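Each chain is listed here by its residues.
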Amino acid sequence: MRVITGIARGRKLETLDGLDVRPTTEVVKEAVFSMIHFRLPGARVADIFAGSGQMGIEALSRGAVSTTFVDQSKASLTVVRRNLQSTGLGENAVVRQESAESFLSRTTETFDLIFLDPPYNKGFGEKLLPLLGRALAKDGLVLFEHSRDEDFPEKVGGLKRVKEYRYGKTLITTYTHDIEDAEG
């Protein structure tokens, strides 16, 4: 696993071993960053269920102004910190050991891009989608990676689904604020 492009291009990233770890594939990562490349310069990013931190690190490498990495696993966050150090991108990063639900419920920050890649088929969409609106900046975008077996709603918590992208057994569902709902 490597940083695809930007100032840390080609840097190798560590990941945790084991059956509980499912890093985003290179194909999916490349597709996601192709779709959002114009949003990255100056963006404030949250990488929730950070794992190795590869999505947030890629965003920093491509011009995001900051990334907040959130994971409840101490071992994952140790890997995130090592990856930030090896890429030289730690200056613009915040690392938080906290559950996604707790972070989204308590944060007062807003983010231009929010990446979520929770364990598949564990109900995280149902739990977290209603909380995302308060952490998403006005013109922000949520990118939620999940199994194609999970059905996500068209509208939830002040957000509306923009599009679903299918990559084999993986879906990336994107959400923005539902302006019509807020005005209605």
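One structure accompanies this document, and this report is about it.

Thresholds, definitions, all that
- Within any chain, residue numbers begin from 1 and follow the written order of that chain's sequence.
- Note on the predicted model: pLDDT of at least 70 is required for a residue's local features to be given, and 80 or more for side-chain atom pairs to be given and counted; whole-chain, interface and lining totals, by contrast, use all residues.
- Working from all heavy atoms in the structure, the side-chain values ignore hydrogens and water.
- Each helix corresponds to a stretch of at least 4 residues labelled H or I by DSSP, and each strand to a stretch of at least 2 residues labelled E; elements are numbered beginning at the N terminus.
- Throughout, the radius of gyration refers to the C-alpha atoms, and the reference size of a globule is 2.2 Å times the residue count to the power 0.38.
- When accessible area is computed with a 1.4 Å probe and restricted to protein chains, residues below 20% of their type maximum are described as buried, those above 50% as exposed, and intermediate ones as partly exposed.
- Two residues qualify as a contact provided that any one of their heavy atoms is within 4.5 Å of a heavy atom in the partner residue.
- Per-residue accessibility takes into account occlusion by the displayed protein chains alone, with areas from the Shrake-Rupley method and a 1.4 Å probe.
- Note that His is not counted, nor are the chain ends; the positive residues are Lys and Arg, and the negative ones are Asp and Glu.
- Every charge is mapped to an atom, namely NZ of Lys, CZ of Arg, CG of Asp or CD of Glu.
- Directions from the helix axis toward the C-beta atoms define the arc.
- Here, a salt bridge means any side-chain nitrogen of Lys or Arg that lies within 4 Å of a carboxyl oxygen of Asp or Glu.
- Geometry of aromatic contacts follows a simple scheme: Phe, Tyr and Trp rings, the Trp one being its six-membered ring, pair when their centres are within 6.5 Å, and the pair is stacked under 30 degrees between planes, edge-to-face over 60, tilted otherwise.
- Placement of a charge over a ring requires the Lys NZ or Arg CZ to be within 6 Å of the ring centre, with the centre-to-atom vector within 35 degrees of the ring normal.
- Counting of polar contacts relies on pairs of N or O atoms within 3.5 Å, with two restrictions inside protein: one atom must be capable of donating a hydrogen and the other of accepting it, and residues adjacent in sequence are counted only when both atoms are side-chain atoms.
- For this analysis, a nonpolar core means a set of buried residues of the types Ala, Val, Leu, Ile, Met, Phe, Trp, Tyr and Cys, connected via side-chain atoms within 4.5 Å.

Moving on to the overall build of the protein. Across its full length, the protein holds 6 helices and 8 strands. Moving toward the C terminus, one meets the helices and strands of the protein in the order α-β-α-β-α-β-α-β-α-β-β-β-β-α. Relative to the 2.2 N^0.38 estimate, which gives 16 Å for 184 residues, the radius of gyration of the protein is 15 Å and therefore close to what a compact globule would have. By principal-axis analysis of the C-alpha atoms, the protein measures approximately 50 × 35 × 30 Å. A total of 184 residues make up the protein; the buried ones form 48% of that total. Counting only contacts in the protein whose residues sit at least 6 apart along the sequence, the fraction spanning at least 24 positions is 63%. Here the protein has roughly 9300 Å² of accessible surface; of this, 47% comes from carbon and sulfur atoms. Taking the average location of the 25 positive side-chain charges in the protein and that of its 26 negative ones, the two points are 4 Å from each other.

Among the residues of helix 5 (residues 124-132), those classed as buried are Phe124, Gly125, Leu128, Leu129, Leu131 and Leu132. Along helix 5, the residues classed as buried sweep out an arc of 165° about the axis, all on the same side.

Enumeration over the complete set of coordinates arrives at 9 salt bridges. Taking the shortest distance from any N to any O, the salt bridge between Glu58 and Lys29 comes out at 3.7 Å. Within this pair, whereas Glu58 is found in helix 2 (residues 54-61), its partner Lys29 is found in helix 1 (residues 26-36), the two being separated by 29 residues in sequence. For Glu58, a relative accessible area of 1% corresponds to the buried category. Asp178 is the salt-bridge partner of Lys155, the closest N and O atoms lying 3.2 Å from each other. Remark: Asp178 occurs in the loop between strand 8 (170-177) and helix 6 (179-183) and Lys155 occurs in strand 6 (residues 155-156); sequence separation between them is 23 residues.

For the structure on display, the rule yields 4 aromatic pairs. Of note, Lys127 hangs over the ring of Phe124, and the distance from its end group to the ring centre comes to 4.8 Å.

Once that is clear, we can look at the environment of Glu154. Within the element layout of this structure, Glu154 appears in the loop between strand 5 (136-147) and strand 6. Once the C-alpha coordinates of Glu154 and Leu131 are considered, the two residues, 23 residues apart in sequence, prove to be 15 Å apart. At 2.7 Å, the side chain of Glu154 forms a polar contact with the side chain of Arg161.

With that out of the way, let us pick up the nonpolar core. Ranked by size, the top nonpolar core spans 28 residues in total, and within it Val32, Ile36, Phe115 and Leu143 carry the most contacts. Where this core is concerned, the elements lending two or more residues are helix 1, helix 2, helix 3 (74-87), strand 4 (111-116) and strand 5. A per-element tally of this core places helix 1 first, with 5 residues. The residues contacting Val32, other than those within four sequence positions of it, are Met55, Phe115, Leu143 and Ile172. One finds Leu128, Leu131, Leu159 and Tyr175 within the second-largest nonpolar core, a separate group that totals 23 residues.

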